[in-house]
Amino acid sequence: FRNLICNGLVQAEDGKKMSKSLKNYPSPLEVINDYGADALRLYLINSPVVRAEPLRFKKDGVYGVVKDVFLPWYNAYRFFVQNAKRLEVEGFPPFIPINQITLQKSSNVLDQWINSATQSLVHFARQEMDGYRLYTVVPYLLKYLNNLTNIYVRFNRKRLKGRTGEEDCRMALSTLYHVLLTSCKAMAPFTPFFTEVLYQNLRKVCNGSEESIHYCSFPQEDGKGGERIEQSVNRMMKIIDLARNIRERHNKALKTPLREMVVVHPDTEFLDDIAGKLKEYVLEELNVKSIVPCNEVSKYSSLRAEPDFSVLGKRLGKSMGLVAKEVKAMSQEDILALEKAGEVSVSTYCLKLTDIKIVRGFKRPDNMIEEEIDAAGDGDVLVILDLRPDESLFEAGVAREVVNRIQKLRKKATLEPTDMVEVYFKSLDADISISQQILNSQELYIKDALGTSLLASSMIPLHAVILCEESFHGIYNLTFVITLARPALVFNLDAIFALYAGNTKCAQGLQAYLLARDHHNLKLEFQRGNGKIKVDCIENQLAMDVVLGEHVFLTVGDYFTA
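Being a predicted model, the structure only gives us computed values, none of them experimental.

Turning next to the environment of Asp308. Examined against the element boundaries, Asp308 turns out to sit in the loop between β5 (301-307) and α14 (309-316). Sequence separation between Asp308 and Lys357 is 49 residues, and the spatial gap between their C-alpha atoms is 6.1 Å. Setting aside residues up to four positions removed in sequence, Asp308 forms contacts with Thr354, Asp355, Ile356 and Lys357. Among the polar contacts made by the side chain of Asp308, one reaches the side chain of Ser310 at a distance of 2.6 Å.

Below, the structure is given as structure tokens:
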């Protein structure tokens with residue numbers, strides 16, 4: 001046979017044969033009704049049964065597929081849909097995906113990376129399906145979905161939410177769109193129902209698309225994958241994980257800003273990536289002020305060599321003790337020469353790099369202790385964190401805490417990401433100047449993180465609709481109240497009175513009319529009129545041109561920044 005497909009036996013959870021009389025297995029229809037046919041299919045494909053080995057069927061295993069595969073996948077899709085719709089909510093033209101040829105030229109490193117990773121997924125799925133190795137695809141898909149949600153979407157939230165401008169937002173959304181579409185097509189044979197549901201919505205913005213995902217051809221590889229960029233992003237995630245481990249060892253929460261991180265690695269190109277196009281992602285994720293790249297490995301790490309007894313024991317026999325002694329006595333220079341040459345001669349034996357374990361240890365500066373500076377490494381890269389408290393970072397820490405509390409309050413108020421709100425702050429401290437100084441110095445960070453300015457509670461209009469309010473105590477020894485409210489109109493009373501030549505009744509009538517309008521529709525009307533609308537529907541009042549930014553402001557934030 002060219003290919004022989006042989007399945008194993010599906011057993012009950014206790015390892016016994018499934019029996020109708022014993023009823024020692026769940027009903028297949030019950031499993032499908034609870035978790036879906038796709039989840040059951042993926043569970044079986046990813047099990048020993050497709051390798052002709054027995055499987056102890058567990059219903060919890062099917063739930064695990066839903067939790068680990070379908071929920072992250074759907075969350076990435078839902079995040080895309082929410083932010084594509086947000087463009088229209090904010091008055092921009094509807095989302096139409098940019099063509100893939102243009103996307104391939106994106107200068108954003110994570111766009112390049114996820115496009116490359118998607119091509120790798122397509123290549124791997126096609127290769128493994130051609131070889132009938134279905135059980136290898138699910139672990140690869142899990143890794144891919146983890147990267148999509150925890151790296152691309154997580155690190156690109158600002159771009160996807162439009163914080164970096166409309167053009168950049170559309171580039172990021174289009175990249176995510178094509179990534180979701182391509183991954184659905186590649187996985188359609190494995191998850192036919194789930195991918196069909198996603199496809200039916202994704203195809204709405206793409207003219208000429210097939211009626212069903214199962215009418216589509218299997219995706220082709222478009223060009224070469226970027227191995228170097230994939231490696232750099234993987235190393236970046238290693239750096240982030242190592243730095244988090246250091247923080248955990250010293251009980252330094254991510255909300256606590258640190259002044260410096262040193263990344264030690266001999267590869268100059270990788271260090272250039274970390275200190276260049278990947279820098280902003282590392283700084284934000286780890287909450288450090290600066291990154292110092294270092295390719296002088298000996299400056300921060302000491303090397304020692306140990307023989308791999310499991311490899312050399314049988315080969316060297318009685319000579320093992322003498323060789324082990326000489327290997328352990330190797331100097332830093334000897335070890336570096338071994339890494340460069342790939343082999344070394346020890347007591348007449350030629351030892352390869354695979355025969356010797358090279359252990360890199362952190363060489364702490366003489367004048368510093370572990371509580372002040374610490375490191376973590378994985379044998380490839382060494383990460384060093386400066387843990388000393390820095391008063392200059394106090395304000396950044398407070399700002400991060402305030403933003404964190406506001407985000408949690410949005411969730412508490414069950415707000416969608418597309419729901420626009422205005423955020424108000426009120427200090428309850430005896431000396432309010434401390435919090436005011438912090439908010440002033442961190443204004444740009446807070447606005448960038450929230451997408452809106454943090455306003456003084458004294459500016460809340462009487463007609464504002466309060467959505468949620470909560471007080472917080474002991475945050476860096478500060479106490480304050482956060483209030484979330486619907487966007488509210490602010491009137492320039494002097495300009496409105498002048499519009500009606502001082503007629504109070506007419507001025508009040510205009511204000512009442514504008515307040516009665518739906519805020520979103522009013523915003524769209526101003527946009528269509530280039531910042532001007534004609535009000536001619538108020539009884540017994542003359543028609544008037546109302547100018548945005550002169551007579552009325554759509555939000556308190558607009559009025560505040562005008």
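A word on the nonpolar core. Ranked by size, the top nonpolar core spans 85 residues in total, and within it Trp73, Phe80, Met236 and Met261 carry the most contacts. Residue contributions to this core peak at 13 residues, all from helix α3 (residues 59-89). No fewer than three residues from each of domain 1 (10-215) and domain 2 (226-299 + 365-389) sit in this core. Non-local contacts of Phe80, meaning those with residues more than four positions away in its chain, are made with Phe95, Leu173, Leu176, Tyr177, Leu180 and Leu202. Within the second largest apolar cluster, 24 residues are counted, among which are Phe425, Leu478, Phe480 and Leu484.

So, about the environment of Gly342. Mapped onto the fold, Gly342 is located in the loop between α16 (332-341) and β6 (343-346). Remark: the alpha-carbon pair of Gly342 and Gly131, spanning 211 residues in sequence, is separated by 35 Å. Setting aside its immediate chain neighbours within four residues, Gly342 contacts Leu351, Lys352 and Leu353.

Here the focus is the confidence of the model for the protein. Interpreting fine coordinate detail is not advised for predicted regions of low pLDDT. On average, residues of the protein score 88 in pLDDT, and 99% of them reach the 70 mark or higher. Least confident of the elements in the protein is strand β8 (residues 356-362), whose mean pLDDT is 79; most confident is helix α9 (residues 192-202), at 95.

So, on to the sheet that holds strand β4 (residues 288-294). Taken together, the four strands give an open sheet; going across it, the order is β4-β3-β10-β9, and neighbouring strands pair in mixed fashion. Of all strands in the sheet, those with a lone pairing partner are β4 and β9 (373-377), marking the two edges. Taking the axes of each pair of neighbouring strands and ignoring which way they run, one obtains an average angle of 20° across the sheet. In the sheet, strand β3 (residues 258-264) pairs with strand β10 (residues 382-386) via four bridges, with the strands oriented antiparallel. Residue pairing across strands places Val263 opposite Val383, the latter belonging to β10.

Mapped onto the fold, Asn75 is located in helix α3. On the basis of relative accessibility, which here comes to 37%, the residue Asn75 falls in the partly exposed class. In this structure the C-alpha to C-alpha distance between Asn75 and Lys357, which are 282 residues apart in sequence, comes to 42 Å.

Looking now at the sheet that holds strand β11 (residues 422-427). Pairing within the open sheet is mixed, and its four strands lie in the order β12-β11-β14-β13. The outermost strands of the open sheet, each flanked by one partner alone, are β12 (454-456) and β13 (466-475). With strand direction ignored, the average angle separating the axes of adjacent strands in the sheet is 30°. Where helix α18 (residues 433-441) meets the sheet, its contacts fall on β11, β12 and β14 (478-485), and the angle it forms with β11 comes to roughly 145°.

Cut-off values and rules
Residues numbered from 1 in each chain as written. Predicted model: local features only at pLDDT ≥ 70, side-chain atom pairs only at ≥ 80, totals over all residues. Heavy atoms only, no water. Helix = DSSP H or I, 4+ residues; strand = E, 2+ residues; numbered from the N terminus. Contact = heavy atoms within 4.5 Å. Polar contact = N/O pair within 3.5 Å; in protein donor to acceptor, adjacent residues only side chain to side chain. Core = buried A, V, L, I, M, F, W, Y, C linked by side-chain atoms within 4.5 Å. Buried < 20%, exposed > 50% of the residue type's maximum accessible area, 1.4 Å probe, protein only. Domains from an automatic or database assignment. pLDDT = per-residue confidence, 0-100. Pairing = 2+ DSSP bridges. Axes fitted to C-alpha atoms, helices over the stretch in contact; angles between N-to-C directions.

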